[in-house]
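Structural characterization, general
Each chain, written out:
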Amino acid sequence: MSDPRDLFDLTGRVACVTGASSGIGRRVAITLAAAGAYVVGVARREDALLSLKEEIGEGADYVVADVADRANVQALVDAISAPFGAPDIVVHAAGVNTREVADDVTPQGWDQTLALNLSAPFFISQAMVPAMRAKGWGRIVNFASLQTTRAFPGGVAYGASKGGIGQLTRAMAEAWSVDGITANAIGPGFFPTELTAAVFDDHARAARNAAQTCAGRNGRLEDMDGPLLFLCSQASSYVTGQVLMVDGGFTAK
């Protein structure tokens, strides 16, 4: 039997991470690089991407772009592929939550949320699939949410986008897994990021969320490392179309 640790080795793989400038996306990029992958981070803030590249070292590069700009998807994928070759792995960590309550949802807020959270993962993946198919190997990892299956106040547009991610992940798996390309999603619980700053700044609310979990605490960024490596590596070769909740058991209670 070969060393089981080899199942998680990403040496020589090329990974693209959207939303890599901060929070979970940045952690994803660092984790994949530590496992041996070449990593290209994508976000709008060049200063944060440059900091990420400097932290990882020569195995990293970045592209400054708005991933929701559908008209330039192919140009974006070409730029991502330039430093190390076409990606074997794409992790869609970019996201937005406008937190507009139902009566106040605006067309602009709705369109912004769906474009970034739902449309971008599909169209970017679609443009990357031909190269993955040619290799017979690919990993697509979307980001779902507690709101993929549960309704939260002020989460109409966000919840719709994340509910869509659950079905998009299954549809991607149905379409592409026969070619060796798995598609799965991670559903985080409450993790401290820029997107959840309002939640963690309210200490009473953060404590209530922690009490709702089976683990009795909110997430730490390092809690994402193992599930991520599993879904991005050979270890998950027969796992596709799944939403893996990394929520300390929040959705189990």
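If you check an unreviewed UniProt entry, the protein chain appears there as Gluconate 5-dehydrogenase from Planktotalea frisia. Listed under Sequence similarities (unreviewed entry) in UniProt, the entry text for the protein chain is "Belongs to the short-chain dehydrogenases/reductases (SDR) family."

Let's talk about the nonpolar core
Counting residues in hydrophobic clusters, the biggest one holds 32 residues, and the most contacted among them are Val42, Val67, Leu76, Ile80, Ile124, Met128 and Ile140. Of all the secondary-structure elements, those providing two or more residues to this core are strand 2 (38-43), helix 3 (73-81), helix 4 (107-135), helix 5 (156-176) and strand 6 (181-188). Considering every element that reaches this core, the biggest residue donor is helix 4, with 9 residues. Leaving out residues up to four positions away in the same chain, Ile124 has contacts with Val67, Val73, Leu76, Val77 and His92. The next biggest cluster of nonpolar side chains, apart from the first, holds 28 residues, and it includes Val17, Val28, Trp137 and Val246.

Overview of the packing of aromatic side chains
The geometry of an aromatic ring pair comes down to the distance between the two centres and the angle between the two planes. Scanning the model with the defined rule gives 6 aromatic pairs in all. With a centroid separation of 6.1 Å and an interplanar angle of 10 degrees, the aromatic rings of Phe152 and Phe190 are classed as stacked. You can see Phe152 sitting in the loop between strand 5 (138-143) and helix 5 and its partner Phe190 sitting in the loop between strand 6 and helix 6 (197-201), a full 38 residues away along the chain. Ring geometry for Phe190 and Phe250: centres 5.7 Å apart, planes at 65 degrees, overall edge-to-face. Taken together, the positions of Phe190 in the loop between strand 6 and helix 6 and Phe250 in the segment after strand 7 (243-246) put the pair 60 residues apart, joining distant regions of the chain. The buried category is assigned to Phe190, whose relative accessible area is 12%.

Considerations on unusual backbone geometry
The phi angle at Arg99 is positive, at roughly 55 degrees, despite the residue not being glycine. Checked against the element boundaries, Arg99 lands in the loop between strand 4 (89-92) and helix 4.

Notes on the pairing of strand 2
By the criterion of burial, strand 2 is predominantly enclosed, with 5 of the 6 residues buried. Bridge count between strand 1 (residues 14-18) and strand 2: 5 bridges; the pairing is parallel. The residue of strand 2 that forms the bridge with Thr18 is Val42. In terms of handedness, the path from strand 1 via helix 1 (residues 23-34) over to strand 2 forms a crossover that is right-handed.

So, the pattern of salt bridges
The final tally for this structure, using the stated rule, is 9 salt bridges. One salt bridge in this structure joins Asp225 and Arg27, with 2.6 Å as the shortest N-O distance. With Asp225 in helix 8 (residues 225-232) and Arg27 in helix 1, this residue pair connects regions lying 198 residues apart in the sequence. Overall, the relative accessible area of 28% leaves Arg27 in the partly exposed class. Residues joined in a network through salt bridges with shared partners are Arg13, Asp88 and Lys135.

Comments concerning the sheet that holds strand 7
The parallel open sheet is built from 7 strands, whose spatial order is 3-2-1-4-5-6-7. A strand with exactly one partner marks an edge of an open sheet, and here the two such strands are strand 3 (60-64) and strand 7. Strand after strand, the sheet turns through a mean of 20 degrees between neighbouring axes, direction not considered. Seen against the sheet, helix 8 touches strand 4, strand 5, strand 6 and strand 7 and runs at an angle of roughly 165 degrees to strand 6.

Rules of the game
Residues numbered from 1 in each chain as written. Predicted model: local features only at pLDDT ≥ 70, side-chain atom pairs only at ≥ 80, totals over all residues. Heavy atoms only, no water. UniProt positions renumbered as here; feature names shortened; annotations may be inferred. Core = buried A, V, L, I, M, F, W, Y, C linked by side-chain atoms within 4.5 Å. Buried < 20%, exposed > 50% of the residue type's maximum accessible area, 1.4 Å probe, protein only. Helix = DSSP H or I, 4+ residues; strand = E, 2+ residues; numbered from the N terminus. Contact = heavy atoms within 4.5 Å. Phe/Tyr/Trp six-rings, centres within 6.5 Å; stacked < 30°, edge-to-face > 60°. Pairing = 2+ DSSP bridges. Right-handed = clockwise from strand over helix to strand, strands pointing away. Salt bridge = Lys/Arg side-chain N within 4 Å of Asp/Glu carboxyl O. Axes fitted to C-alpha atoms, helices over the stretch in contact; angles between N-to-C directions.

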